[in-house]
Structures are given as C-alpha cells and as structure tokens.
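Commentary on secondary and tertiary structure
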Amino acid sequence: PTLSPSDIGIVDDSPRLLHKWKARTAATGMGYLRSSASYHLGADEEDLKRFARYRSSARNIDKKKGRTDETVFAADYQRPRLDFFNFHCDHVIEMYNLDKVHVQGMVTDVVPKDEHVEVEIRQPSGETITSCAENIVLALGSDSLEFPIWASEDLINSGKVRHIFDDDDINGGSLCQGSSVAIVGGGISAAHLALKLERQKTYGDVHMVCRHELREKQFDTHQDWMMDSHAAQRSEAGGGQGVPKCQRHFASLDSYAERRNVIKRERVAGTMPPAVSRGNAGLRYAIGEGRIRWHECEIDSITMKGDNTIDLKMSTLAGEDDKIAVDQIILATGFGKRPPCSDLITLIAERNGLELCPCGYPAPDKSLRWHDRIFLAGALAELELGPSARNIAGARMASERIVAAAATMSGRSSWHSPV
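The paragraphs below set out a description of the structure included in this document. (Residues numbered from 1 in each chain as written. Predicted model: local features only at pLDDT ≥ 70, side-chain atom pairs only at ≥ 80, totals over all residues. Heavy atoms only, no water.)

Now for the overall build of the chain. When its secondary structure is counted, the chain shows 14 helices and 16 strands. In terms of overall dimensions, the chain is globule-like: its C-alpha atoms have a radius of gyration of 23 Å, near the 22 Å expected for 419 residues. C-alpha extents for the chain along the principal axes are approximately 65 × 50 × 45 Å. Expressed as a percentage of the 419 residues in the chain, the buried residues total 46%. Counting only contacts in the chain whose residues sit at least 6 apart along the sequence, the fraction spanning at least 24 positions is 65%. By element, 50% of the accessible surface of the chain is carried by carbon and sulfur atoms, the whole surface being about 20900 Å². The chain carries 52 positive and 59 negative side-chain charges, and their two centres are separated by 5 Å. (Helix = DSSP H or I, 4+ residues; strand = E, 2+ residues; numbered from the N terminus. Rg over C-alpha atoms; globule rule 2.2 N^0.38 Å. Buried < 20%, exposed > 50% of the residue type's maximum accessible area, 1.4 Å probe, protein only. Contact = heavy atoms within 4.5 Å. Areas by Shrake-Rupley, 256 points an atom, 1.4 Å probe, with all protein chains shown as cover. Lys, Arg positive; Asp, Glu negative; His and termini not counted. Charge placed at Lys NZ, Arg CZ, Asp CG, Glu CD.)

For N97, which is not glycine, the phi torsion reads 55° and is therefore positive. With respect to the helices and strands, N97 occurs in the loop between α4 (82-95) and β2 (102-104). Of note in the backbone geometry, L368 takes a positive phi value of approximately 70° without being a glycine. Position of L368 among the secondary structure elements: in the loop between α12 (342-352) and β14 (369-371). Judged by relative accessible area, which is 0%, L368 ranks as buried.

Strand direction decides the pairing type here: strand β9 (residues 206-210) and strand β10 (residues 293-304), joined by four bridges, are parallel. What sits directly across from V209, in β10, is H295. Taken together, the seven bridges between β10 and strand β11 (residues 310-316) define a ladder with antiparallel strand orientation. Considered in β11, the bridge of M304 is made with I310. The hairpin turn running from β10 into β11, its antiparallel successor, is five residues long, and N308 in that turn takes a positive phi close to 75°. (Pairing = 2+ DSSP bridges.)

Moving on, we get to the state of the cysteines. Within this structure, the stated rule accounts for zero disulfides. Free of any disulfide, C357 has its nearest neighbouring cysteine sulfur in C359, separated by 5.2 Å. (Disulfide = S-S within 2.5 Å.)

Time to look at the sheet that holds strand β6 (residues 136-138). Ordered in space as β6-β15-β14, the three strands form an open sheet in which the pairing is mixed. If you trace the sheet from one side to the other, it starts and ends with β6 and β14, each paired once. Pairs of neighbouring strands in the sheet enclose a mean axial angle of 35°, with direction left out of account. Examined bridge by bridge, β14 and strand β15 (residues 374-376) share two bridges and lie antiparallel to one another. Note that in β15 the partner of R369 across the bridge is F375. On top of the sheet, α12 reaches β6, β14 and β15; it is set at about 60° to β14, its chief contact. (Axes fitted to C-alpha atoms, helices over the stretch in contact; angles between N-to-C directions.)

Here we take up the sheet that holds β11. Read from one edge to the other, the open sheet built from seven strands follows the order β7-β13-β8-β9-β10-β11-β12, with strand pairing classed as mixed. Two strands lie at the open edges of the sheet, namely β7 (161-163) and β12 (321-326), each paired on one side alone. For this sheet, the mean angle separating the axes of adjacent strands, direction not counted, is 40°. As defined by bridge partners, strand β8 (residues 181-184) adjoins strand β13 (residues 328-331) across four bridges and the pair is classed as parallel. Pairing of V184 across the sheet is with L331, part of β13. Along the sheet, helix α6 (residues 188-200) makes contact with β8, β9 and β13, crossing β9 at roughly 165°.

Before going further, it helps to spend a moment on the pattern of salt bridges. Applying the stated criterion across every chain, the model contains 27 salt bridges. D47 is the salt-bridge partner of R50, the closest N and O atoms lying 2.6 Å from each other. With R50 and D47 both in helix α2 (residues 47-54), this residue pair falls three residues apart, about one helical turn. Overall, R50 belongs to the partly exposed group, its relative accessible area being 33%. (Salt bridge = Lys/Arg side-chain N within 4 Å of Asp/Glu carboxyl O.)

Attention now moves to the nonpolar core. The nonpolar side chains of a soluble globular protein tend to be buried with one another. Membership of the largest hydrophobic core comes to 29 residues, with the highest contact counts inside it found for I136, L138, I348, W370, I374 and L385. Breaking this core down by element, the ones donating at least two residues are β4 (117-122), β5 (128-133), β6, α12, β15 and α14 (392-406). Aside from chain neighbours lying at most four places away, what touches I374 is V110, P112, I136, L138, I348, L368 and R369. Grouped together as the second largest cluster of nonpolar side chains are 23 residues, V181, L197, V206 and L283 included. (Core = buried A, V, L, I, M, F, W, Y, C linked by side-chain atoms within 4.5 Å.)

Take it as geometry only, folks, not as evidence of what the structure does.
Okay, structure coming up:
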C-alpha cells in the first residue's frame, strides 16, 4: 500500500535526522566513506552517481571548496566523499519530507496491542507522550560506548580520558593546542583521528596504542555479505551465482549460536582500508616518518601525575615494557557487544513472550518480523541478515524484506498523533 507522510513517524532523540552520523563521522576526520557509491540512502542503487552527474548544486559546492567533480568519488571502489554523501542524504530527506515526520524524543516503552502498538516517547522537555502505530520498525543504532576497565569514572569525568563518539564532547573541545594525545584503538576511526590531529599540526605528540598489528581490509565484511536481492537478480540474469553462497549457507543454519559464530568470524573489527593505511599521506607513512608513534601494546595501568599528565604503562605481546606520558587519552574502541537499547529489548521480549537468543539479540523471522506488528533492522536483525546488517548495505537488505512484508499487509500502515 502507498503511504502518505501522515502515515509515518520517525522517532529519534537528536534535533535533526542523521545528527549523530554527521557528528561522529566529523569527529574522526574522515574524508571519504569506506563503502562504495552503491550504498547510500536513495531508493535506487544508482541514485548517488546520478546525483553527482546532474545536480548543479553539488558542483557548486565543489567549486566553492576549490575541488573538481573528480574528487566526489575516490579512485578505488568509487567511495563517496563524506560531505557530498551528506549532501545527498539531505537531498533524500528533503525529497521525501522525512524531516516533517521526525518526532524528537527517546522511546522508553513499546506495548503491542491487538490492533496497534503503543510507543511511549520521552521528549527533550522531559514530558512523556504516547503515540500509536499499526506497525513499527526498531532500527536502533549503537549508543553503548566501549570503555576499557582501566578507564575509571573519575578520569572520564575529568576529561582526561574520553571516547571519540562521546556525544557530550564529540568535537574534542577539551583537547588544547599543544597537547599530546594517545589514541587507543587500531581500526579505521583511530586511524582517521590520528591522521587528522597530525595534519592539523597544532597538537603535541600523537600516539596510537593498539593490541594488534596494523591490519588492512577493504571492507569490514566481504562484499558477498552486502549483496541485496536486486543485485543478486542482476547477477543471476548475467550468468552469475545470484545470491552468494555465504548468504545461502547462513540462511540454512537453524542454530542461532552457529549464526552468531559466523558473524563473529566474518565481521572483522579493528581494520582499515588500504586507502587509509597506504594511500596518499596514509597512516603507514606517518608512522614510518615518526609523525605518529605506533605502540603495539596492551595498556596495563594509567596514573595521573602531579603536572596533570597521564602515565601509560604498557606491555608488548613479547612481554617487554613500554611507557609514555600524554595530556589526554582518546578512546577509539567502538561500541559494546550488547544489543542496542538492550534494557528496552529485554523488557519487550519478557512482557510479550518474544524470543531472545543466548547472546541477548532478538530472533526475527525471514521478513524481520519479531512480533506480528514489530519489525527489526540494523544490529537487531543481524541474526537473520548476517554480518553486514549494521552498515548501509544491511539497511538496504532490511528495507527489501520489510517492504515486501508490508505489501501483504494492506490497510495496516499508519502512525497516529500522540495520545
């Protein structure tokens, strides 16, 4: 069935749609996305490329910044430049009037009824409202930041240790000019941040502390995991295999424990693409020239000194000691392993007798339906979609299944004003 804007509501606690995406990617200093031009928010796979070719406003942005159209996409995999990708996101939001259906607030409860679902929303003012929807999609992002055990609450509250994605200090306002910094982590976010700070030339020594060697991987999951049904149909029509073997095997697994093991094996954290590692002015060159100091170590302890600096005592895998002193530690350690909004998910499951796997994640059906009126997307759907569920490719795969299911639910699509 065709939906009008009044039939849809997007509940997000940020003041604008994609606010956290833009703030977090800006915090890392990334210039280009890791994924290719095929992955974006548009309805058609080629939308972003068409947008680059035909939108004169996009070309005007490039001219103002002294760039040419050729830099909209990187040479490898046609990876889009971040500011251009965001510009296209804004275009999609405007074209579909998505900002008009944005309800700012935090969902605190979801109560399925026979004919609808009640959604309790806490607004920024603190007031709680209840809206009704005939169907809902839980597309929850990761907000549970991962902190090492040595990162005490006192150090975090003092600002001496902070997470790169901490919404309260996401632009690094507490990092003063001339400060030395240790970035903990060895993945793409850590690499982008280290290169950003080194390029700015306004800080002291930039250190990276990582428990493993610098690891290169073009994508954090193999491209076969990112193939949606439309791409699979084109592959089969052209004589290819269609749905990749890995996806067929994953779908055939009856055990959620086995599926979780596949996800752990196939989604490799703590990596960066060659463009960041070995590309022009890449991390390996900065490390080799001594502009960024690389420590392949485990942090054993940290101690505050009288001059307000932090001593990091570390040990290498070979058991050798290492030690540095810095003004601040920035954690690029990603997000926790628990499901997004795990307390809410557990509450919904226990109240309605819905299945949770031993890892705490929901067990949806093939249409990503967890309850007759509740669908899942993103990380919550990964035990059905596989390792790419959390990225843009996974969002496209989820939308395919949910839209297909919605097409069979005539007359069951609406979002009602708060009650």
